[in-house]
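# What the coordinates show
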Amino acid sequence: MFTGIIEEIGEIAAISASGDGWRLTVHAPKAAADAVHGESIAVSGVCLTVVGSAETTFDADVMKQTLDVSALGAVQVGTRVNIEKAMPVGARLGGHIVQGHVDGVGTVLEVRPGAQWRVLRISLPAELAALVVDKGSISVAGTSLTVSAVSAPGAVVQDEHWFEVSLIPETLDATILGTLEPGDIVNLETDILARHVERLLAFRSAPEGGSR
């Protein structure tokens, strides 16, 4: 379990084939310093299991399904990534509940600079649109953010669904979000509470004796 509060910006140091997936070596000195085999570390919002570590790096295997549905499938050596270690029991929940289970990816549509902040507009897959609400929480590349605007529910074309987040200077400096430009792809994880409500309502509205 994570909170979406990024602890450091890491960098992909090596990529090697591992079956039909990849083994990533991530340069992240803070995370690697006390990393142990089997623990979970979120890499730009994707929960990965540590399979090895050195003084400043850790290794993690990424299966093909994860590469196919997340932005990790496009990383290269040198790609910068957000890093967060799992939340210890008893810690304060500074962001929101983030599982590290990516729901899909979005494309940065627009970057609007402000005096001391920056607004990002990001596309939203149609199947996720109902789960994102104004002033609600969303994880973008593993970063816990508050939605500041969202497209109207009547959009019928996937490209018409979007949401916006407003980034303060701390977020711009402490995460990779400050380097994003239009066209960049980011991992998205919607609020787990919204996903549970959607599933519950689907069963409540299903025909008697049917399944969905």
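Attention in this report is confined to the structure presented alongside it. As the structure is a prediction and not an experimental result, all values here were calculated from the model.

Attention now goes to the sheet that holds strand E6 (residues 80–85). Strand order around the closed barrel formed by six strands is E1-E2-E5-E4-E3-E6, with antiparallel pairing between neighbours. If you compare each strand with its neighbour and ignore which way they point, the axes differ by 45° on average. By the bridge criterion, three bridges tie strand E4 (residues 46–53) to strand E5 (residues 57–62) in an arrangement that is antiparallel. Directly across from Gly-52, in E5, lies its bridge partner Asp-59.

What follows covers unusual backbone geometry. Outside of glycine, negative phi angles account for most residues, and trans bonds account for most peptide bonds. One non-glycine residue, Ser-44, adopts positive backbone phi at about 50°. Looking at where Ser-44 falls in the secondary structure, it is placed in the loop between strand E3 (40–43) and E4. When its relative accessible area of 7% is taken as the criterion, Ser-44 is described as buried. Its identity is not glycine, yet Lys-135 carries a phi of approximately 75°, on the positive side. As for its placement among the helices and strands, Lys-135 is situated in the loop between strand E8 (118–123) and strand E9 (137–140).

On to helix H4 (residues 192–204), then. A turn of α-helix holds 3.6 residues, and therefore any two residues three or four places apart point the same way. Taking 1.5 Å as the rise per residue, H4 with 13 residues should run 18 Å; its terminal C-alpha atoms sit 19 Å apart, in good agreement. The elements touched by buried residues of H4 are strand E12 (185–190). With a side-chain oxygen lying 3.0 Å from the backbone nitrogen of Leu-193, the N-terminal cap of H4 falls on Asp-191.

Below, the discussion takes up the pairing of E6. Of all the six residues making up E6, five are buried; the element is thus mostly covered by neighbouring parts of the structure. As judged from the four bridges shared by strand E1 (residues 8–18) and E6, these two strands associate in the antiparallel manner. From the neighbouring strand, Glu-11 faces E6, where its bridge partner is Arg-80. One ladder, built from three bridges, connects E3 with E6; its direction is antiparallel. Among the inter-strand pairings, Ala-42 is bridged to a residue of E6, identified as Glu-84.

The rules behind the values
Residues numbered from 1 in each chain as written. Predicted model: local features only at pLDDT ≥ 70, side-chain atom pairs only at ≥ 80, totals over all residues. Heavy atoms only, no water. Pairing = 2+ DSSP bridges. Helix = DSSP H or I, 4+ residues; strand = E, 2+ residues; numbered from the N terminus. Axes fitted to C-alpha atoms, helices over the stretch in contact; angles between N-to-C directions. Buried < 20%, exposed > 50% of the residue type's maximum accessible area, 1.4 Å probe, protein only. Expected span 1.5 Å × (residues − 1). Contact = heavy atoms within 4.5 Å. Polar contact = N/O pair within 3.5 Å; in protein donor to acceptor, adjacent residues only side chain to side chain.

Worth remembering: the numbers are spatial, not functional.
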